[in-house]
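Remarks on the overall topology
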Amino acid sequence: MRISLLLAICLVVGFTSNAQNKGPLPPWQKGFLDIHHISTGRGNAAFLTFPDGTTMLVDAGDLSDTHPRTMSPRNTVRKPNDKRSPSEWIVDYIRQFMPDGKQPALDYSMITHFHDDHFGEWDETRPMSADGSYSLFGMTGVGERVKIGTMIDRGFDFPIDLHRESEDPSKSKDFQSLREYWKFIDYQSKKNGMVHQKLKPGAKDQIVLKKEPTKYPNFVVRNISVNGQVWTGYADNDYVSLFNAGQYPGENPLSTCIRISYGAFDYFTGGDISGMNNIGESDATSLEAHVAPVIGPVDVATLNHHGNRDSQSPAYVRALRPRVWVQQVWSSDHPGEEVLRRITSEALYPGARDLFTTDMLEANRLVIGDRIDQSYRSQHGHVVVRVYDNGARYMIYVLDDLSEKREVVASYGPYQSR
């Protein structure tokens, strides 16, 4: 009786076990949904394996080392070391954790928006592809080494025409990374059959199971928003647009946002959308304010905009109320102290919640203080969410991001999906 009661409590609140003895991550099995938040020190990257073995990469951040700030204490260092570029380390990570030890390949790859910490950045030191067609960095560097079936992004024609903007001589350097990405798309489409698509707001039939599509009918990837076009929550592909043609709000609000559901489990990731205005007040016109009601409560959510102070508005936090927050860090801006207060506040939603981050800079620890240690379960490492039992339960594994072996340094769970 007492053992059964203890087990029930553990499943509800999340039983925590710290694995101090390093060892490999137990291999993926059919029926597992694995979400790897990869720590490279240069931006966001997440490798996903769906229950049937379909694979997906979300972002491939690759900040240029030519910027003084990148190499300063304000930014994280390259992980696990600087022997390879961030895109090469992402490829190495994918190779290690490909399902069933198969040759690395991505059924889908998605860029949330066109910022260097999400899709990479060109500079004069970047190497060229094998035949000299484009430069290698971020997503182009991954796609040169790993075949991508479908490449998804926010498109180039709304709310402004990026091709036309790139022709402005005064903006030439600003668009060099994007021009290299366009060359990559053109080459890979013609030579290797890669399909390029713009994310369709509201759709649930764009990112689907490719290996055994009928075996897991309770698995769905729902497109929530792209380019400020937000799913209404009603009919598929039905959306409202927050921006008019020609109205460019910057890249962050245009981020692609998706919700992944597997049985009772829900996960949300939304790039760099935000919810607070410039004077620190909740913004009812923001992307967070519009997507929160259609996302609804989730089990795991990544912090929007890395936890920057303009994100995680009170209404957004209350609507999603995740059991687990995952933060993808590269700067001392991550997290804002006020953001940390909001996501840990039981005034916004009751119950326990666990925070995991890929890194935590000493600057944050000095400024924010004890609240960091009191709030985070883990402050360094690759963060892996593993969902199993047909979506009913999940574990969190933290892998050593300073080692090329990427062994488990801690595990948390099981959590019960809600």
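Structure's up top.
Reference entry: report on the structure contained in this document.

What follows concerns the side chain of D266. By the secondary structure assignment, D266 is in strand 12 (residues 265–269). Here D266 occupies a buried position and makes no salt bridge, while the nearest side chain of opposite charge, R259, is found at 4.3 Å. Not counting residues within four places of it along the chain, the set of residues in contact with D266 comprises R259, I260, S261, P297, V298, D299 and V300.

This part takes up the packing of helix 4 (residues 138–145) against helix 6 (residues 176–192). Where helix 4 contacts helix 6, the axes come no closer than 9 Å and their chain directions differ by 20 degrees. Of the possible angle classes, the one that applies to helix 4 and helix 6 is roughly parallel. Considering only the axes of helix 4 and helix 6, their crossing is left-handed. Together, M139, T140, G143 and E144 of helix 4 and E180, Y181, F184 and Q188 of helix 6 make up the contact between the two elements. In the contact of helix 4 with helix 6, the residues fall into three nonpolar, three polar and two charged.

What follows is about the pairing of strand 17 (residues 382–388). Of all seven residues making up strand 17, six are buried, and the element is well covered by its neighbours. As consecutive antiparallel partners, strand 17 and strand 18 (residues 393–399) are separated by four residues, and within that stretch D389 has a phi angle of approximately 55 degrees, a positive value.

So, about the packing of aromatic side chains. Within the structure shown, the criterion is met by 17 aromatic pairs. Considering the side-chain rings of Y134 and F184, the 5.4 Å spacing of their centres and the 80 degrees angle between planes classify their relative orientation as edge-to-face. Of this pair, Y134 sits in the loop between helix 3 (116–119) and helix 4 while F184 sits in helix 6; the two residues are 50 residues apart in sequence, bridging distant segments of the chain. For F184, a relative accessible area of 0% corresponds to the buried category. In textbook terms, an aromatic cluster arises when at least three aromatic residues are bridged by ring pairs, as seen for F114, F119, Y134, F156, Y181, W182, F184 and Y187. The side chain of R222 reaches across the aromatic face of W231, ending 4.0 Å from its centre. Its guanidinium or amino end placed over the ring of Y349, R353 lies 3.8 Å from that ring's centre, counting from NZ or CZ.

Our focus in this paragraph is helix 2 (residues 86–97). Owing to its 3.6 residues per turn, the α-helix brings residues three or four apart onto one side. With twelve residues, helix 2 ought to run about 16 Å at 1.5 Å a step, and its terminal C-alpha atoms sit 17 Å apart, in line with that. Here helix 2 lies mainly inside the structure; nine of its twelve residues are buried. Considered for burial, the residues of helix 2 that qualify are P86, S87, W89, I90, V91, D92, Y93, I94 and F97.

As a further point, take the pairing of strand 6 (residues 147–153). Here strand 6 lies mainly inside the structure; five of its seven residues are buried. Taken together, the four bridges between strand 6 and strand 7 (residues 195–198) define a ladder with parallel strand orientation. Across the sheet, T150 pairs through a bridge with V195, a residue of strand 7.

Right, let's get into the environment of S109. Looking at where S109 falls in the secondary structure, it is placed in strand 5 (residues 105–110). When its relative accessible area of 0% is taken as the criterion, S109 is described as buried. Aside from chain neighbours lying at most four places away, what touches S109 is L57, M139, I148, T150, M151 and I152.

The subject of this paragraph is the packing of helix 2 against helix 4. Contact geometry for helix 2 and helix 4: axes closest at 8 Å, N-to-C directions at 45 degrees. One element, helix 2, and the other, helix 4, form an angle in the oblique class. Crossing handedness for the pair helix 2 and helix 4: right-handed. Here S87, E88, I90, V91, I94 and R95 of helix 2 come into contact with helix 4, specifically with G138, G141, V142 and R145. The residue inventory of the contact of helix 2 with helix 4, partitioned by class, reads four nonpolar, three polar and three charged.

Attention now moves to the environment of Q188. The residue Q188 is located in helix 6 in this model. The exposure class assigned to Q188 is buried, which follows from its relative accessible area of 5%. Separated by 37 residues in sequence, Q188 and M151 have C-alpha atoms that sit 9.9 Å apart. Here Q188 is in contact with Y134, G143, E144, G193 and M194, once residues within four sequence places are set aside. Within the local environment of Q188, its side chain forms a polar contact with the side chain of Y134, the two groups lying 2.9 Å apart.

Moving on, we come to the sheet that holds strand 15 (residues 354–357). Here nine strands make up an open sheet; going across it, the order is 10-9-8-11-12-13-14-15-16 and the pairing mixed. Among the strands making up the open sheet, the edge pair consists of strand 10 (239–241) and strand 16 (376–378). Ignoring which end each strand starts from, the neighbouring axes of this sheet average 25 degrees apart. In the sheet, strand 12 pairs with strand 13 (residues 300–302) via two bridges, with the strands oriented parallel. What sits directly across from Y267, in strand 13, is V300.

Okay, unusual backbone geometry next. With glycine set apart, most residues show a phi of negative sign, and most peptide bonds adopt trans. Residue K79 is joined to P80 through a cis peptide bond whose omega torsion reads -5 degrees. With respect to the secondary-structure elements, P80 resides in the loop between strand 4 (55–60) and helix 2. Cis geometry marks the peptide bond from G413 to P414, where omega comes out at 5 degrees. You can see P414 is positioned in strand 19 (residues 408–416). Phi at D389 is positive, roughly 55 degrees, even though this residue is not glycine. Note on placement: D389 falls in the loop between strand 17 and strand 18. Look at D389 and you get partly exposed, because its relative accessible area is 41%.

Reading the values: the criteria
- Residues numbered from 1 in each chain as written.
- Predicted model: local features only at pLDDT ≥ 70, side-chain atom pairs only at ≥ 80, totals over all residues.
- Heavy atoms only, no water.
- Helix = DSSP H or I, 4+ residues; strand = E, 2+ residues; numbered from the N terminus.
- Buried < 20%, exposed > 50% of the residue type's maximum accessible area, 1.4 Å probe, protein only.
- Lys, Arg positive; Asp, Glu negative; His and termini not counted.
- Salt bridge = Lys/Arg side-chain N within 4 Å of Asp/Glu carboxyl O.
- Contact = heavy atoms within 4.5 Å.
- Axes fitted to C-alpha atoms, helices over the stretch in contact; angles between N-to-C directions.
- Parallel < 35°, antiparallel > 145°, perpendicular 65-115°, else oblique.
- Left-handed = near helix turned anticlockwise from the far one by under 90°.
- Nonpolar A, V, L, I, M, F, W, Y, C, P; charged D, E, K, R; others polar.
- Pairing = 2+ DSSP bridges.
- Phe/Tyr/Trp six-rings, centres within 6.5 Å; stacked < 30°, edge-to-face > 60°.
- Lys NZ or Arg CZ within 6 Å of the ring centre and 35° of its normal.
- Expected span 1.5 Å × (residues − 1).
- Polar contact = N/O pair within 3.5 Å; in protein donor to acceptor, adjacent residues only side chain to side chain.

Interpretation in functional terms is not warranted from these geometric data alone.
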